[in-house]
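# Structure assessment
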Amino acid sequence: MTITDSPAQPFVAKWGIIGCGWISSEFCKDLAFIRPEVTDVSHAVVAVGSRDKAKAAAFIAENMPQGARAQVEGVYSAKPQPCGSYDEVYDHPKDVDIIYIGTPNQSHFTAAKAALLRGKHVLVEKPACLNAAEWAVLTALAEEKRVFLMEGLWTRFQPLTSKLRDALHKDKLIGDIKFVQSDFSMAFYNSLPDTHRTIALEAAGGAMFDLGAYAMLPALIALHENPDNHMSPPEHLSASMLKTRQGTDQSTSFSFDFPRIDAKAIMSTSIAYNSPKDQPCVIVGTKGEIVLHGHLSRPSGMTIKIIDQDPAPFITKWKEPVKVDADVGPGFGLYFEADSVARSLRDSELQNATMPHSETALVLGLFDSIRKLGGYTLPPGLEQA
Ligand SMILES: NC(=O)C1=CN([C@@H]2O[C@H](COP(=O)(O)OP(=O)(O)OC[C@H]3O[C@@H](n4cnc5c(N)ncnc54)[C@H](OP(=O)(O)O)[C@@H]3O)[C@@H](O)[C@H]2O)C=CC1
Ligand SMILES: O=C1OC[C@@H](O)[C@H](O)[C@H]1O
């Protein structure tokens, strides 16, 4: 074989993992998946940090005993190392280049800041931090250190999200989009103990912080990112919160308008009930509707319904609906996000175009306003900016 015949090696993202909980385990299992269709990037887990070293070792043995895909395939030789503190991962002597933060909400800012200060790239789980001011501190630090920073809102990277965007804006299948209604809710309250991270005040729990970004996402894609809206911010925000015993929100509803395109979004999120499974979100346009199915964090598909008559106030005729399945293969589906981050690192990007800093700033700013309208106050000291 000549040199030119040898297959190109993928770019390998070298991860340090912070926190050995549930979502970190799904993330690492996804990093280990061998997906032959992806040849340009791969992943290695270099170090795994827990507050308890034995837990980190057990986490590795259970979720990726051979490491991530590049380690399984021999593209990267060292195996994942367990660490008994998060600092050990940030300071890891081996070549950790990006830190994945899978700890509870209230710890995201501290963990992300610590990693950025060490000059590491960062992917931090949603919500990236507790308010827009904290995010401004992190983005300024990332810019100063010239490192990559992104909030992990994995739904943005799923193939169905691209199909939805194309159907709405490229193919304009439902005409001018006028209305979005969505609900993302999961019945944690009164099922899990009040100390659980999704409920507890000290963990910045409640529906909005846990599920609100997913409830908001279809409106941002359909309306905020609508080319005719020119990225004008939402206006006329209204919100109300029904509280848990903890003072966090069990159920929150909110709405906003996009006057530039005469469109409205009404959203809700709750930890007290489960969303309507078959129809958690409807996007309504002048020529039809798109209905999302399943969980809004990972929709199982969408149905495109086109009106079969001239525009009229009362619609009675529809074309045969078109069903589009989500192309999620085995695993959880966090690999789409991880691959995109790896491509950003390969290309020396400091932000990811699909999930730029401005997107997180917008959502956290809306969260700030929704909390103010709903009277949700975090304990003193939890917010660090
Ligand atoms: N993208 C997605 O689909 C999902 C995202 N998430 C997000 O990920 C984050 C973690 O959620 P999840 O994995 O369900 O949570 P878990 O409770 O399962 O895990 C969190 C881990 O963080 C570490 N940790 C650090 N500080 C604390 C603390 N004070 N209390 C408890 N644990 C702590 C622990 O790891 P150790 O003991 O090893 O130090 C723990 O195992 C949340 O911010 C959530 O919003 C959650 C689920 C899905
Ligand atoms: O991000 C999330 O997605 C779905 C839920 O399982 C979880 O509580 C939440 O953090």
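As annotated in an unreviewed UniProt entry, the protein chain carries the name D-xylose 1-dehydrogenase (NADP(+), D-xylono-1,5-lactone-forming) and comes from Apiotrichum porosum. Comment text from UniProt for the protein chain, heading Catalytic activity (unreviewed entry), reads "D-xylose + NADP(+) = D-xylono-1,5-lactone + NADPH + H(+)". UniProt, in its Sequence similarities (unreviewed entry) section for the protein chain, records the words "Belongs to the Gfo/Idh/MocA family."

## Regarding the sheet that holds strand β3 (residues 81–83)
Judged by pairing direction, the sheet is parallel, and its 6 strands sit side by side in the order β3-β2-β1-β4-β5-β6 without closing on themselves. Both edges of this open sheet fall to β3 and β6 (149–152), since each of them pairs with a single strand only. For this sheet the average axis-to-axis angle between neighbouring strands, irrespective of direction, equals 30 degrees. Across the sheet, helix α6 (residues 132–145) is in contact with β5 (121–125) and β6; its angle to β6 comes to roughly 140 degrees.

## Quick word on the nonpolar core
The tendency in soluble globular proteins is for nonpolar side chains to be buried side by side. The biggest cluster of nonpolar side chains holds 120 residues, and the ones touching the most others in it are W15, M216 and F256. The element best represented in this core is helix α8 (residues 207–224), accounting for 14 residues. Those residues in contact with M216 that sit more than four places away from it in its chain are F254, F256, M267, V363, L366, F367 and I370.

So, how was this worked out
- Residue numbers run consecutively from 1 along every chain, following the written order of its sequence.
- A letter from A marks each chain and a number from 1 marks each ligand, given out in the order of writing.
- This being a predicted model, a pLDDT of at least 70 is required before a residue's local features are given, and a value of 80 or more before pairs of side-chain atoms are given or counted; all residues contribute to the totals for chains, interfaces and linings.
- As a convention, hydrogens and water are excluded, and side-chain values are obtained from all of the structure's heavy atoms.
- UniProt positions are given in the numbering used here, feature names are shortened, and annotations may be inferred rather than shown by experiment.
- Strands are labelled as partners when DSSP assigns at least two bridges between them.
- A run of H or I in DSSP counts as a helix once it spans at least four residues, and a run of E counts as a strand once it spans at least two, with each numbered from the N terminus.
- Fitted lines through C-alpha atoms serve as axes, helices being fitted only where they are in contact, and the angles separating the N-to-C directions of these axes extend from 0 to 180 degrees.
- Note on contacts: a residue pair qualifies if any of its non-hydrogen atoms lie within 4.5 Å across the two residues.
- Residue types Ala, Val, Leu, Ile, Met, Phe, Trp, Tyr and Cys, when buried and joined through side-chain atoms within 4.5 Å, form a set referred to as a nonpolar core.
- We call a residue buried when its accessible area falls under 20% of the maximum for its residue type, exposed when it is over 50%, and partly exposed in between, using a 1.4 Å probe and counting protein chains only.

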